[in-house]
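# A closer look at the structure
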Amino acid sequence: MPKLLKINQENAIDVDTIIGDAAYSGKENLKIASEQNNKVVARLNPSITQGFRKDKDKFDYNKDADRFVCPAGHLAMRKARQGKKNIGENQVDTYYFDVEKCKSSPLKNGC
């Protein structure tokens, strides 16, 4: 991506959004894009969004809603960031789901 971005800039093409596949969402690419105030539209690497889960246990991430969707198709109700900033530890995002929907879900045993 850095090479393509440089070629576009040398040809006087103003880039504000970069669209690509999961390869474009690497840490270095995101850092370069952020430094140049560019947006990156690309799927995140599955190991980031899913960890190393089995296929049946996977939650999907909806980037438009900025929420996870459970295997039964229910969207998280809210998202909360926990932990203190700038103390040398990462903050944690917690997603909350509607328990009433989980009770009536056909997948409730694994919920």
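Quick note: structure is the one above.
Presented here is an overview of the structure given in this document. (Residues numbered from 1 in each chain as written. Predicted model: local features only at pLDDT ≥ 70, side-chain atom pairs only at ≥ 80, totals over all residues. Heavy atoms only, no water.)

With a phi angle near 55 degrees, Asn-37 is a residue other than glycine that sits in the positive phi range. Phi is positive for Asp-66, which is not a glycine, with a value near 55 degrees. Its place among the elements puts Asp-66 in the loop between strand S3 (60-62) and strand S4 (67-69). (Helix = DSSP H or I, 4+ residues; strand = E, 2+ residues; numbered from the N terminus.)

What follows is about the pattern of salt bridges. Enumeration over the complete set of coordinates arrives at four salt bridges. Where Lys-79 meets Asp-93, a salt bridge forms, and the shortest distance between an N and an O atom there is 4.0 Å. Placement of the pair is Lys-79 in strand S5 (residues 78-82) and Asp-93 in strand S6 (residues 92-96), with a sequence separation of 14 residues. On the basis of relative accessible area, Lys-79 is assigned to the partly exposed category, the value being 28%. Residue class for Asp-93 comes out partly exposed when judged on its relative accessible area of 29%. A salt bridge links Glu-100 to Lys-103; the nearest nitrogen and oxygen atoms lie 3.4 Å apart. Taken as a pair, Glu-100 and Lys-103 lie in helix H4 (residues 99-103) at a separation of three residues, close to a single helical turn. By sharing partners, the salt bridges in this structure join Asp-66, Lys-79, Arg-81 and Asp-93 into a single network. (Salt bridge = Lys/Arg side-chain N within 4 Å of Asp/Glu carboxyl O. Buried < 20%, exposed > 50% of the residue type's maximum accessible area, 1.4 Å probe, protein only.)

Attention now moves to the packing of aromatic side chains. Tallied over the full model, the rule gives three aromatic pairs. In this structure an aromatic cluster arises from ring pairing among Tyr-61, Phe-68 and Tyr-95. Positioned above the aromatic ring of Tyr-96, the side-chain terminus of Arg-78 is 4.1 Å from the ring centre. (Phe/Tyr/Trp six-rings, centres within 6.5 Å; stacked < 30°, edge-to-face > 60°. Lys NZ or Arg CZ within 6 Å of the ring centre and 35° of its normal.)

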